[in-house]
Amino acid sequence: MTTFTCQKHLFDIPADVTYLNAAYMGPIMTEAARAGQAAVAVKCRPWAMGVDDFFDPHDRACSLMADMIGAARSDMAVVPAVSYGIALAAKNLPVAAGQKILVLAEQFPANVYAWQDVARKAQAELVTISRPADGDWTGALCDALDEKVAIVACAAAHWTDGGRVDLVRVGAACRAQGAALVLDLTQSLGVVPFSVQEVDPDFMVAAAYKWLLGPYSYGFVYVAPRHHGGVPLEEAWISRKGSRNFARLVDYQSAYEPGAGRFNVGERSNFMLTPIVISALQRLNGWGAAAIAAYLEGLTDDIAAGAQALGLGVADKAQRSPHLIGLNFKGGVPAGLAEHLTAQKIYVSFRGDSMRISPHIYNDASDGVRLLEALGEFL
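Reading the values: rules and limits
Residues numbered from 1 in each chain as written. Predicted model: local features only at pLDDT ≥ 70, side-chain atom pairs only at ≥ 80, totals over all residues. Heavy atoms only, no water. Helix = DSSP H or I, 4+ residues; strand = E, 2+ residues; numbered from the N terminus. Rg over C-alpha atoms; globule rule 2.2 N^0.38 Å. Buried < 20%, exposed > 50% of the residue type's maximum accessible area, 1.4 Å probe, protein only. Contact = heavy atoms within 4.5 Å. Areas by Shrake-Rupley, 256 points an atom, 1.4 Å probe, with all protein chains shown as cover. Salt bridge = Lys/Arg side-chain N within 4 Å of Asp/Glu carboxyl O. Pairing = 2+ DSSP bridges. Arc of directions from axis to C-beta. Polar contact = N/O pair within 3.5 Å; in protein donor to acceptor, adjacent residues only side chain to side chain. Phe/Tyr/Trp six-rings, centres within 6.5 Å; stacked < 30°, edge-to-face > 60°. Lys NZ or Arg CZ within 6 Å of the ring centre and 35° of its normal.

## Some thoughts on the overall build of the chain
Phase 1 of the analysis: A count of helical and extended segments in the chain gives eleven helices and twelve strands.
Phase 2 of the analysis: Relative to the compact-globule value of 21 Å for 379 residues, the chain shows a C-alpha radius of gyration of 22 Å, a close match.
Phase 3 of the analysis: Burial status across the chain gives 54% buried among its 379 residues.
Phase 4 of the analysis: Contacts spanning at least 24 positions in sequence make up 74% of the contacts within the chain whose residues lie at least 6 apart.
Phase 5 of the analysis: By element, 54% of the accessible surface of the chain is carried by carbon and sulfur atoms, the whole surface being about 16200 Å².

Listed below in structure tokens is the structure:
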């Protein structure tokens with residue numbers, strides 16, 4: 001197996017910039033940018049566009065995502081945002097009065113607001129799992145699972161600090177109790193291995209603009225085959241059978257495309273964004289999430305060790321994700337720290353009480369050294 005190495009040469013990142021903020025926004029690769037620019041040029045001359053352009057690139061993007069997660073192409077649909085995919089799940093998963101929906105404390109709101117609405121309308125209970133003192137989100141979540149739980153909605157990595165959730169274990173616990181599992185994997189998909197065969201979620205959603213190195217307003221939803229007969233959020237013409245025959249679209253069809261096709265957002269073809277997504281997914285699938293995770297884990301382990309030497313708090317290795325970690329300061333994040341780092345062209349995020357560090361494939365050990373030196377200088 002070839003050892004993964006830094007891929008900064010594929011990005012337009014200046015040598016003096018240390019960008020450790022993929023959890024905020026992932027840059028697109030220069031080759032993906034060229035693919036997008038070519039797509040814009042085609043849209044300038046729409047007479048050159050054919051029927052296949054509405055279908056084939058979309059199918060290619062969904063196939064690449066299916067390959068990434070061990071799904072079938074027919075299980076995938078394109079969505080414009082995580083909130084859209086979560087709304088699909090909320091519309092298609094039954095919740096009865098007195099049942100419970102589990103979420104994590106400080107979970108990203110796109111996977112919370114819909115469940116608040118469902119719980120209110122169904123007279124169910126939205127239960128928030130408190131942040132565990134030992135950092136073990138998996139244990140806390142599984143301990144809260146009982147026969148009254150209808151849905152578990154969570155992520156693989158907590159978005160504020162990368163706290164790890166063992167989805168294989170959570171998936172098994174959900175099946176044992178008859179609960180549905182809805183995942184927002186925006187903060188891990190592409191750089192941490194994930195298989196729907198191992199986890200068996202009911203719905204999985206991920207936006208493309210972070211770790212998938214894609215554009216904004218583009219994402220994917222996985223719909224388990226048991227829900228393929230569900231209800232879409234909208235009735236798009238392109239989601240119906242026979243939609244390739246533009247001349248006969250007035251022959252209205254009651255039947256949908258097979259599989260998860262009915263769940264696609266309208267205008268799913270997205271001529272200018274889809275080529276960017278395809279370019280990025282081809283690269284990520286070629287490298288493989290396992291190789292990327294191992295590489296990033298080496299970077300975050302070094303940063304964690306250096307941060308602890310400076311007296312900062314870091315979660316135990318067993319409870320943190322390989323690609324995303326939080327550094328905690330006694331008494332909270334010091335005033336002026338963000339400005340100090342930005343002045344040195346070091347870019348991170350501050351979420352909750354944590355300074356969030358999120359390297360990607362364009363980072364190497366020197367970026368961690370720069371960060372730690374700047375922290376030591378400030379402290």
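## Looking at the pattern of salt bridges
Phase 1 of the analysis: Tallied over the entire structure, the rule returns 18 salt bridges.
Phase 2 of the analysis: Across the pair K317 and E297 runs a salt bridge, and its minimum N-O distance is 2.8 Å. A residue pair is termed long-range when its members are at least 10 positions apart, and K317 in the loop between helix 9 (289–309) and strand 9 (325–328) and E297 in helix 9 qualify at 20 residues.
Phase 3 of the analysis: A salt bridge links R320 to D301, with the shortest nitrogen-to-oxygen separation between them at 2.9 Å.

## Some words on unusual backbone geometry
Only a minority of non-glycine residues have a phi that is not negative, and only a minority of peptide bonds are not trans.
Phase 1 of the analysis: The backbone of D200 shows a phi angle near 55°, a positive value even though the residue is not glycine.
Phase 2 of the analysis: Structurally, D200 can be placed in the loop between helix 7 (196–199) and strand 7 (203–207).
Phase 3 of the analysis: One non-glycine residue, S217, adopts positive backbone phi at about 65°.
Phase 4 of the analysis: Along the chain, S217 turns up in the loop between strand 7 and strand 8 (219–223).

## Description of the pairing of strand 2 (residues 76–79)
Phase 1 of the analysis: Side chains M76 and V78 of strand 2 all project onto a buried face; the interleaved residues A77 and V79 project onto the opposite face, where all are buried too.
Phase 2 of the analysis: Bridge analysis of strand 2 against strand 8 gives four bridges, and the strand direction is antiparallel. Bridge pairing links V78 to F220 in strand 8.

## Things to note about helix 4 (residues 113–122)
Phase 1 of the analysis: Taken as a whole, helix 4 has its buried residues at W115, V118, A119 and A122. The buried residues of helix 4 all sit within an arc of 95° when viewed along its axis, so they share a single face. Opposite the packed face of helix 4, turned more than 90 degrees from it, sit the exposed residues Y113, R120 and K121.
Phase 2 of the analysis: In the core, the buried residues of helix 4 are packed alongside helix 3 (82–92), strand 3 (100–104), strand 4 (125–129), strand 5 (149–154) and strand 6 (180–184).
Phase 3 of the analysis: Just downstream of helix 4, Q123 is the residue with a positive phi angle, here 60°.

## Focus on the side chain of S358
Phase 1 of the analysis: Relative to the assigned elements, S358 resides in the loop between strand 12 (354–357) and helix 11 (365–378).
Phase 2 of the analysis: You can call S358 buried: its relative accessible area is 0%.
Phase 3 of the analysis: A polar contact is formed between the side chain of S358 and the backbone nitrogen of A23, at a distance of 3.0 Å.
Phase 4 of the analysis: Residue contacts for S358: discarding those within four places in its chain leaves L20, N21, A22, A23, W211, H323 and L324.

## Here's the deal with the packing of aromatic side chains
Phase 1 of the analysis: If you walk through the whole model with that rule in mind, you get twelve aromatic pairs.
Phase 2 of the analysis: Each ring, one from Y209 and one from Y216, has its centre 4.6 Å from the other, and the planes form 70°; the classification is edge-to-face.
Phase 3 of the analysis: One cation-aromatic arrangement involves R240 over Y256; the distance from NZ or CZ to the ring centre is 4.3 Å.

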